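Here's the letter readout for the chains.
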Amino acid sequence: MNKKSLSSYLCAITLFTSVSCFNGCSSSDRIILRGAVQFDESHSFARTLRHFEAKVAEYYGHPIEFELYLNSELGLEKDYFTYMSQGISVDYGIVSPSHMSTFSKAAPLLDVPFLFRDNDHWNKALESDALEPIVADIEEQSDVKIIGYAGGGTRHLIVNRPVRNMDELEDLDIRVMGAPIQTRIFQAITAAPTVIAYSEIYNAIQTGVIDAAENEAAGIQQMKFFEVGPEISLTAHTITVRPIAFSGKTFRRLPEDLQAAILKAGKEAGRFGRDLESSEDSAILAKMEEDGKLNTHEFVEREELLRRAEPVLTEYAREIGTEDVLARIRAIR
């Protein structure tokens, strides 16, 4: 654990031990639940967690307090998940499935490209019980409950030239994230993937080390990738899934009516977050194009991308023991 994380950890433990109080305390004590998010109040994750808090209070109908720590005050998402697993410091938060991989080998399936055919398929999958085996594995391995699904950012290619079909995609030098499955997927669709630190993407495209990267609209805007990669290829290769997580140890200490309120509010907050992020994602991209900062290009052979990615996904699901989940997702129409 680095110095910053250790400091956040010790600070969080102090907060927990000094003022937290759950079921079993005297009637004069307060119930305080604590959340954490890496961003400020304007971010969709923070707004989703605020919605969750409001719904819990509404459904519970008794005095309850929430404290949401913003701007990475208690560390990063991987730290939040560890705290929730230990039952200290953070009771709820939104965490990328990749950050759950230390506990659950199955969780990263939710982050792989080409898992969903389109937004409708993505939304139906998250509203179904298709992901229950992964949810059960996460809870068993980490003692963290998944109570809803936010997300909705759609990732596209950020390129220094138009890429509209398989011929233009072939051997495209593209930056990918460090997970090996990312490299395998992009190799399968004929690109030439390279793992480069996120902070180096802008410079790498600018200097010609790579020709492309991939991200969702908020990332393109925040990091100004459009300045070096103004041609956005609408591959929609990933639609993000961002689970709302709640500490199992905290959950069991709470009154039963509050537990029921949390489960109900989690599902509703997930729907709220998906609607919010998916609508804002497309709006951000459209506004940048309207302002002349970038150009979008339909990728006319997207079905071919799905076809080429399919066997890689199948093999990966077999490796991590999630063949049944992948089959359930693919069966949704």
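For the structure given in this document, a descriptive report is provided here. (Residues numbered from 1 in each chain as written. Predicted model: local features only at pLDDT ≥ 70, side-chain atom pairs only at ≥ 80, totals over all residues. Heavy atoms only, no water.)

### A short note on the pattern of salt bridges
Thinking step 1. Using the criterion set out here, one finds 21 salt bridges in the structure.
Thinking step 2. The partner of R50 in a salt bridge is E53, with the nearest N and O atoms 3.0 Å apart. You can see R50 and its partner E53 sitting in helix α2 (residues 44-60), three residues apart, about one turn around the helix.
Thinking step 3. For the salt bridge of E58 with K55, the shortest nitrogen-to-oxygen distance reads 3.3 Å. Residue E58 and its partner K55 are both found in helix α2; the two are separated by three residues, about one turn of the helix.
Thinking step 4. Each of the salt bridges in this network shares a partner with another, and the network as a whole consists of E41, R50 and E53. (Salt bridge = Lys/Arg side-chain N within 4 Å of Asp/Glu carboxyl O. Helix = DSSP H or I, 4+ residues; strand = E, 2+ residues; numbered from the N terminus.)

### A look at the nonpolar core
Thinking step 1. In this structure, M84, L109, F114, F116, L169, I185 and F186 are the most contacted members of the largest nonpolar core, which totals 60 residues.
Thinking step 2. When residues of this core are assigned to their parent elements, the largest contribution, eight residues, is made by helix α12 (residues 302-320).
Thinking step 3. Contacts of I185, omitting those with residues within four sequence positions, involve P113, F114, A309, V312 and L313.
Thinking step 4. In this structure, I31, L33, A46 and L70 belong to the second largest nonpolar core, which totals 25 residues. (Core = buried A, V, L, I, M, F, W, Y, C linked by side-chain atoms within 4.5 Å. Buried < 20%, exposed > 50% of the residue type's maximum accessible area, 1.4 Å probe, protein only. Contact = heavy atoms within 4.5 Å.)

### Remarks on the packing of helix α4 (residues 119-127) against helix α11 (residues 256-290)
Thinking step 1. Packing of α4 against α11 leaves a shortest axis separation of 12 Å and a crossing angle of 165°. As far as their axial angle goes, α11 and α4 are roughly antiparallel. α11 is crossed by α4, and the crossing has right-handed handedness. Each of N119, W122, N123, L126 and E127 in α4 lies in contact with α11, whose residues at this interface are R271, R274 and S278. (Axes fitted to C-alpha atoms, helices over the stretch in contact; angles between N-to-C directions. Parallel < 35°, antiparallel > 145°, perpendicular 65-115°, else oblique. Left-handed = near helix turned anticlockwise from the far one by under 90°.)

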